[in-house]
Amino acid sequence: MTTLSTAARNAACNATVDLVDVGSGSHGSVSIRDADNAVEFVVIDLPEPAFGSAVTGVATAQGTPFSGVAAESGDMARYVVLDEDGNEVWRGTIGTTGADMIVDAVEIAVGQTLVINSWTHTVPA
């Protein structure tokens, strides 16, 4: 099994999160979706840079909390990070605890505001 040094983890993490700020648009974004990736509830524009520099393989989103208003109702289960051209960079899970992206609640209704309280991207050792 491969094990990465802290320097390698930081480099890999920084390279990944820096992709959010690449493209011809003005900002990257995050799309909040259901478990099947079929329903998009909220799209939130991200600041540039979207993430700070990694420390021990973990980069934290800049400017949290973020918020956006839901266009659909249902149970949110994942997020998809998009670069400035709308290309997927990575995806992950959301939850009220124990997830990369921490939100107030995973059930949302049309017109309700979603608040992202904290969000990290991790490259494991």
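Please refer to the structure placed before this passage.
Rules of the game
Residues numbered from 1 in each chain as written. Predicted model: local features only at pLDDT ≥ 70, side-chain atom pairs only at ≥ 80, totals over all residues. Heavy atoms only, no water. Helix = DSSP H or I, 4+ residues; strand = E, 2+ residues; numbered from the N terminus. Rg over C-alpha atoms; globule rule 2.2 N^0.38 Å. Contact = heavy atoms within 4.5 Å. Areas by Shrake-Rupley, 256 points an atom, 1.4 Å probe, with all protein chains shown as cover. Lys, Arg positive; Asp, Glu negative; His and termini not counted. Charge placed at Lys NZ, Arg CZ, Asp CG, Glu CD. Core = buried A, V, L, I, M, F, W, Y, C linked by side-chain atoms within 4.5 Å. Buried < 20%, exposed > 50% of the residue type's maximum accessible area, 1.4 Å probe, protein only. Polar contact = N/O pair within 3.5 Å; in protein donor to acceptor, adjacent residues only side chain to side chain. Expected span 1.5 Å × (residues − 1). Arc of directions from axis to C-beta. Pairing = 2+ DSSP bridges.

Enquirer: How would you summarise the overall build of the chain if you had to cite specific residues and measurements?
Expert: Across its full length, the chain holds one helix and ten strands. Scanning the chain from its N terminus toward the C terminus, one meets helices and strands in the order α-β-β-β-β-β-β-β-β-β-β. The C-alpha atoms of the chain give 14 Å as radius of gyration, which agrees with the globular expectation for 125 residues (14 Å, within 12%). With the principal axes as the frame, the chain shows a C-alpha extent of 45 × 35 × 25 Å. Partitioning the intrachain contacts of the chain with sequence separation of at least 6 by distance along the chain shows that 64% fall at a separation of at least 24. For the chain, the exposed area adds up to about 6200 Å²; of that, 51% sits on carbon and sulfur atoms. One way to put it: in the chain the 4 positive side-chain charges average out to a point 9 Å from where the 16 negative ones average out.

Enquirer: Summarise the nonpolar core; cite the residues concerned and give the values.
Expert: Within the largest apolar cluster, 28 residues are counted, with the highest numbers of intra-cluster contacts made by V30, I32, Y79, M101, L114, I116 and W119. Those elements that provide at least two residues to this core are α1 (6-18), β1 (29-33), β2 (40-45), β6 (78-82), β7 (88-95), β8 (101-103) and β10 (113-122). Once you skip the residues sitting within four places of it in the chain, I32 turns out to touch V39, E40, F41, V42, M76, R78, Y79, I94, M101, L114 and I116.

Enquirer: Could you give me a rundown of the environment of E107, with the residues and numbers involved?
Expert: Mapped onto the elements of the fold, E107 is located in strand β9 (residues 107-108). Sequence-wise, E107 and A8 are 99 residues apart; in three dimensions their C-alpha atoms are separated by 37 Å.

Enquirer: So what's going on with the side chain of N10? Residues and values would help.
Expert: The topology assignment puts N10 in helix α1. Polar side-chain contacts of N10 include one of 2.7 Å to the backbone nitrogen of G57. Once residues within four sequence positions are removed from consideration, N10 is found in contact with A54, V55, T56 and G57.

Enquirer: Report on α1, specifying residues and quantitative values.
Expert: In this model α1 runs 18 Å from its N-terminal to its C-terminal C-alpha over 13 residues, within 8% of the 18 Å that 1.5 Å per residue would give. Looking only at α1, the buried set comprises R9, N10, C13 and V17. Buried residues of α1, viewed axially, fall in a sector of 95 degrees; they line one side. Elements that come into contact with the buried residues of α1 comprise β3 (58-60), β7 and β10.

Enquirer: Explain the pairing of strand β4 (residues 66-69) to me, and be specific about the residues and the numbers.
Expert: Burial along β4 is one-sided: the residues F66 and G68 are buried and none of S67 and V69 is. As judged from the four bridges shared by β4 and β10, these two strands associate in the antiparallel manner. The residue bridging F66 from the neighbouring strand is I116, located in β10.

Enquirer: So what's going on with the pairing of β6? Which residues, and what values?
Expert: Burial analysis of β6 places four of its five residues in the buried class, which makes it a mostly covered element. Sheet topology note: the β1/β6 ladder contains five bridges and is antiparallel. Bridging across to β6, I32 finds its partner in Y79. Where β6 and β7 come together, five bridges link them in antiparallel fashion. Bridge pairing in β7 places V80 opposite R91. Linking β6 to β7, which pair antiparallel, is a turn of five residues; within it G86 sits at a positive phi near 85 degrees.

Any functional reading would require information beyond the geometric quantities listed.
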